[in-house]
Amino acid sequence: SGPRIKWDVQSKKKQKKVAVLTSGGDSAGMNAAVRAVVRQTIARGCQAYIIREGWEGLVRGNTAEPTPAVSRRGSQAPSPSLGAMQSFSFTQSFAPEDINLGAAAARVHGDVQAAEDDKPVQFSDPMRVAPLTAAPLSFGYGSLLRDGAGEADIDEDGMFHIPEEVEGGKTLRGRYIVRVGWDDVRGWLGEGGTLIGSSRCPSFRTREGRLKAAHNLVRYGIDCLAVCGGDGSLTGADTLRAEWPGLIKELHSNGDINDEELENFRHLNIVGLVGSIDNDMAMTDLTIGAVTALHRICEAIDSIGSTASSHSRAFVIEVMGRHCGWLALMAGVATGADFIFIPEHPPAKQDWETAMCDVLKQHRRVGKRKSIVIVAEGALDSDLKPIKPEYVKDVLSERLGLDTRVTTLGHTQRGGVPAAFDRILPTLQGVKAVDTLLEATPDTPSYMIGISENKITKIPLLEAVAQTKKVADAIEAMDFDLAMSYRDSEFTDMLTAFKVSSSLAASERLPDNKRLRIAIVHVGAPAGGMNAATRQAVRFCHERGHVPLAIYNGWEGLLEDNVSELTWLRVDNWTTRGGSELGTNRTLPDVDMGQVASALQRHQIDAMLVIGGFEGYNSVRLLEKSRKDYPSLCIPMVHLPATISNNVPMTDFSLGSDTSLNALVVAADAIKQSAAASRNRVFVVDVQGGMSGYIAVLGALAVGAVLVYTPEQGINLACLVEDVEFLKERYALDEKGKSEGRLVIRSEKASSVYTTEVLTSILKEEGAELFDARSASLGHTLQGGVPSPLDRTRAARLAMLSMQFLEKHARPNSQAFHRRRTGEDMIPHETAAMIAIRGSKIVFASMSDVQNHTDMKRRRGTDVWWAGVKGLAEVMGGRTGVLVDM
Ligand code: ATP
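Residues numbered from 1 in each chain as written. Predicted model: local features only at pLDDT ≥ 70, side-chain atom pairs only at ≥ 80, totals over all residues. Heavy atoms only, no water.

1. Here's the deal with the nonpolar core
Argument step 1. Core analysis: the largest hydrophobic core is formed by 148 residues, its most contacted members being W326 and I745.
Argument step 2. When residues in this core are grouped by element, the largest group, 10 residues, is from helix α28 (residues 789-809).
Argument step 3. Counting residues in hydrophobic clusters, the runner-up holds 39 residues, among them A214, I270, V274 and L461. (Core = buried A, V, L, I, M, F, W, Y, C linked by side-chain atoms within 4.5 Å. Buried < 20%, exposed > 50% of the residue type's maximum accessible area, 1.4 Å probe, protein only. Helix = DSSP H or I, 4+ residues; strand = E, 2+ residues; numbered from the N terminus.)

Structure follows, in structure tokens:
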């Protein structure tokens, strides 16, 4: 039998204890990772712990123990009210275990005896137990952690600081290892930095420190550890794992642990989550926090751009990245910078100063009013001499006479609200981390959780750490090609894209007889990244000597001969522009195929790039079908998917979908705040997306919605009844007067009967005293304003690869050639293709391939990578148990 929803309850003996810590430099998304680890641990029936202040907390352990547990069960004392539990502090007399089996759980399930007797609990309705099992545990710690400070952090004078074990002869209370519950991590998705604290811990670099850490793990019975940090932190994790057998033996021979503990803790399961804004870890495409940092950088450079233009200034901007130029490179592509310096690819020429000045001079000569140079913190020249922003500024001022300023973005890059991606990635990875820990056997290695294009992966930690070190070693040995070879293919593509788009030298120009006339058209609704893709395509044409022709206003524009050449300068600012500069609409070429064919011939088009959503695909499909009737259509064409709904078949992502998710996150955060302020309000948020639930589901995961309705699943009465029951029980568990605002996300086409209005009325009516309901419709705001950095960079990469494809398959002067040739099809059908991101690959799919994956009636793909994400979002929202294979 296939997978069924089953609440994964472990008997108490088998209940593993999973702890999570954040270490090294903070990064946005660490909180989402902690939340996911905590919730998945609880959802898998295990106990969740957090370790505060990184490795430091593990080395110090708890210097203030709670006084011995007083069991509320069985005693005559009245159960403490939820309010009393909320104000529970570390020094009061309840051990976490008591709170775990507190009044609320007993009230809901009626019977918690089974759990205590080490028998798995059989719940009658597995769909509804998650928050109920978990929630009671949380009340002790929630408010303490959310405010960032616990009572443990406050000394006798009322001052807040990281407690020292001993200070001035007195021992301060300190609890670094804390058991946490479901609600302790609520609201964490939208918080920047790390709420459980992070630090640099010199003592963990010593064996002595690690011995203490090992002792604390055993003392608290923790055998599974998730570490979220950069390469240093994960190196530490790897060292701890490697030394573990020796450490445990030493603890035993010192008499610190007993025989039983020695036996039970022979193995420590460790998993690494990469939290680092630099994106400097090898064997994973993206680290937690890197995308948010890129958001901050692009926001800053976009703002600097307007003042630079106004005063015709040059700006040298320093961004983070000691050994990795990812941030500088991506920012360069996303903002259309003029020149970049990164550690792994130093400027080619010895005299890079002249090379840089030449590039900027050329840009100024064609009329550019601003110059932006991005310098990574660790930028080097080919002799390993650091390249510093101040020096670059002096060169530009002295040699070009430019009014030049330096801006160091510094710590602004770390902070702030996590971007949508840095909520989704750590959630997916956190869940995977817990599953990996719980599946580990003595024979499995420790893993690092990574991502490859769009797949969450696990890589042996040892290998990833070693590989990361190799990049630094290669740079040190001045073997830059080797350093680049360790970076993923995206990095190399982006570097090429940057070079192509920022150069005016046209050094790669083809001979006259190889040059093409390439048309670019936008089709369908506007989406973030359409203009950035067009810019890259135009710059590619200039580099190679092709003629880039804009078709304005889609196929209708073509029929009106609204076609003209785009210049290099014209598209300069297009990376940051939302919407569609060319104009776009939903008309398909079969509005008049004969005239479309004739116009293509008239304008002597040799190849065509079609940027758009489902209509873009449909356009290329129809054009290809008509090739047999119209020879002028026998030219290569590529469809580059761009739509906020992400409903184009075959591709995992279309341009615009990331911008849209970010717009949703911003709006939903604001709505949630309003919902929370009114204490007990449920907001039904209506989102676009046509017949695809992508935006709704990924949005729900990113904002922590408790329920999500999609067109794929629809809505029926039975599920509404269950959902209402769930909400009632959930609100009943909230402390009076401190209820949380909750979000329900509903795709606009989830049901024609249970509209947003109807749904809201039902919830309002059924919520009665417990909760109120309101609705909000996000409508066209989801198209977003300024495209997100991910959409801009993805646009540049995909457009460049598309143009390379067109160049490879097109023949110059093809329309004249078509006139001469006789009837039969002269061009293979694969030359009408869609560029698609599929798992870890970028492919050019033929129209028949795409058709095989298309549900034409519902205008969406038949198989989508995110099908399982709805279930996950509901687990994280507490709505259902964990999916396990039975
Ligand atoms: P960032 O990407 O922000 O630099 P990081 O995790 O690389 O993050 P580090 O300061 O290098 O930051 O490491 C954080 C902590 O991890 C250190 O303070 C130390 O406690 C531990 N650590 C780092 N390297 C090692 C090592 N080689 N052995 C043991 N522990 C280490």
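2. Examining the sheet that holds strand β21 (residues 707-709)
Argument step 1. Taken in spatial order, the 4 strands make up an open sheet running β21-β22-β20-β23, and their pairing is parallel. In the strand order of this sheet, the two ends are held by β21 and β23 (772-777), each with one partner. The mean inter-strand angle of the sheet, taken between neighbouring strand axes irrespective of direction, is 20°.
Argument step 2. The sheet contact formed by strand β20 (residues 681-687) and β23 spans 6 bridges and is parallel. Of the residues in β23, the one forming a bridge with F683 is R774.
Argument step 3. Packed on one face of the sheet, helix α25 (residues 694-703) meets β20, β21 and β22 (742-747) and runs near 170° to β22.
Argument step 4. Of the strands in this sheet, β20, β21, β22 and β23 are in contact with helix α27 (residues 756-767), which crosses β23 at around 165°. (Pairing = 2+ DSSP bridges. Axes fitted to C-alpha atoms, helices over the stretch in contact; angles between N-to-C directions. Contact = heavy atoms within 4.5 Å.)

3. Re the environment of R577
Argument step 1. Positionally, R577 belongs in the loop between β17 (563-565) and α22 (593-602).
Argument step 2. Expressed as a C-alpha distance, the spacing of R577 and G57, which sit 520 residues apart in the sequence, is 46 Å.
Argument step 3. The contacts of R577, once residues within four sequence positions are left out, are N531 and P787.
Argument step 4. At 3.4 Å, the side chain of R577 and the side chain of E581 are in polar contact. (Polar contact = N/O pair within 3.5 Å; in protein donor to acceptor, adjacent residues only side chain to side chain.)

4. Describing the packing of helix α13 (residues 326-335) against helix α19 (residues 489-502)
Argument step 1. Put simply, α13 and α19 touch, their axes get as near as 9 Å, and they point 45° apart. Taken together, the axes of α13 and α19 lie oblique to each other. Regarding α13 and α19, the two cross each other, and that crossing is left-handed. Of the residues in α19, those touching α13 at W326, L329, M330, G332 and V333 are E490, F491, M494, L495 and F498.
Argument step 2. Of the residues that constitute the contact of α13 with α19, the class distribution is 8 nonpolar, 1 polar and 1 charged. (Parallel < 35°, antiparallel > 145°, perpendicular 65-115°, else oblique. Left-handed = near helix turned anticlockwise from the far one by under 90°. Nonpolar A, V, L, I, M, F, W, Y, C, P; charged D, E, K, R; others polar.)

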